[in-house]
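# A look at the structure
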Amino acid sequence: MAVLPIITAPDPRLKVISEPVARVDRSIRQLMDDMLETMYLAPGIGLAAPQIGVTKRIIVVDITKDDAPRRPYRMVNPVIVWASPDLAIYEEGCLSLPDHYAEVERSSRVRIRYLDCDNLEREEEFDGVLGTCLQHEMDHLDGILFVDHISLLKRNIILRKLAKTRRLKTASTA
């Protein structure tokens, strides 16, 4: 297992649309294990392959608390096949936008079809924090960040702060 570097906004790689995975094999399973290790260490509750510079349609999510047994979801080529018209608002953050949060409105319940780590097609319904997290991570596969769901003013403030942080980091290491 390996911990992978997480890309932070405003890196243009986060806006790239990911490619489908042909088959879940040993290398894809290893990538998902590495993504989970990276996510847990960050710490976070979700991670999409584009956030580590891999343009494949792969996400991992685990919303369990620190003291509970882990229940990770590993999803390849996830697709929302149904979304509730009812909406829910949750405060979201993102490992690619560290220390920034905003309330985002999403479907309160979704049904997702995906390939699991054994290359088997599954379809399940999700709601609550897990449903929101899955929608958030799936957005990454299409180059969408949670800040794309908030007002332009709030988005620009967050992105400017991240760009400034990046410039300061670059200057201090030069």
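Structure: see above.
In short, a report on the structure. (Residues numbered from 1 in each chain as written. Predicted model: local features only at pLDDT ≥ 70, side-chain atom pairs only at ≥ 80, totals over all residues. Heavy atoms only, no water.)

## Examining helix α1 (residues 26-41)
For an α-helix the count is 3.6 residues per turn, leaving residues at separations of three or four pointing the same way. Its 16 residues give α1 an end-to-end C-alpha distance of 23 Å, which sits within 8% of 22 Å, the value for a rise of 1.5 Å per residue. Those residues of α1 that sit buried are Ile-28, Leu-31, Met-32, Asp-34, Met-35, Leu-36, Thr-38 and Met-39. (Helix = DSSP H or I, 4+ residues; strand = E, 2+ residues; numbered from the N terminus. Expected span 1.5 Å × (residues − 1). Buried < 20%, exposed > 50% of the residue type's maximum accessible area, 1.4 Å probe, protein only.)

## Description of helix α3 (residues 152-173)
Helix length check: α3, at 22 residues, gives a terminal C-alpha distance of 32 Å against a target of 32 Å (1.5 Å per residue), a fit within 8%. Of all the positions in α3, only Arg-155, Ile-158, Leu-162 and Ala-163 are classed as buried. The arc that holds the buried residues of α3, viewed along the axis, is 135°, so those residues lie on one side. Of the exposed residues in α3, those oriented more than 90 degrees away from the buried face are Leu-153, Arg-160, Arg-167, Leu-168, Ala-171 and Ser-172. Packed against the buried residues of α3 are β5 (97-107). (Arc of directions from axis to C-beta. Contact = heavy atoms within 4.5 Å.)

## Thoughts on the nonpolar core
Counting 16 residues, the largest nonpolar core has Ile-28, Met-32, Met-35, Leu-47, Ile-58, Val-60 and Val-76 as its most contacted members. The set of elements that each furnish at least two residues to this core consists of α1 and β2 (58-61). In terms of residues, this core owes the most to one element, α1, which gives six residues. Setting aside chain neighbours within four positions, we find Ile-28 in contact with Val-21, Arg-23, Lys-56, Ile-58 and Val-76. In this structure, Tyr-73, Met-75, Tyr-114 and Met-138 belong to the second largest nonpolar core, which totals 14 residues. (Core = buried A, V, L, I, M, F, W, Y, C linked by side-chain atoms within 4.5 Å.)

## Observations regarding a nonpolar patch on the surface
Together, Ile-45, Ile-63 and Val-129 make up an exposed nonpolar region whose accessible area comes to about 200 Å². The class for Ile-63 is partly exposed, based on a relative accessible area of 30%. (Patch = residues over 30% accessible without salt bridge, like charges linked within 9 Å, V, L, I, M, F, W, Y side chains within 5 Å. Areas by Shrake-Rupley, 256 points an atom, 1.4 Å probe, with all protein chains shown as cover. Salt bridge = Lys/Arg side-chain N within 4 Å of Asp/Glu carboxyl O.)

## Notes on the side chain of Asp-116
Within the fold, Asp-116 resides in the loop between β6 (109-115) and β7 (121-127). Here Asp-116 falls in the buried class, since its relative accessible area comes to 7%. Setting aside chain neighbours within four positions, we find Asp-116 in contact with Val-24, Arg-74 and Arg-122.

## Concerning the pairing of β5
Two elements, strand β4 (residues 87-94) and β5, share seven bridges in a ladder whose sense is antiparallel. Following the sheet pairing, Leu-87 is matched in β5 by Ser-107. What sits between β4 and β5 in their antiparallel hairpin is a turn of two residues. (Pairing = 2+ DSSP bridges.)

## Quick look at the environment of Ala-42
In this structure, Ala-42 sits in the loop between α1 and β1 (46-48). Counting along the chain gives 33 residues from Ala-42 to Ala-9, while the straight-line C-alpha distance between them is 16 Å. Once residues within four sequence positions are removed from consideration, Ala-42 is found in contact with Ile-6 and Leu-95.

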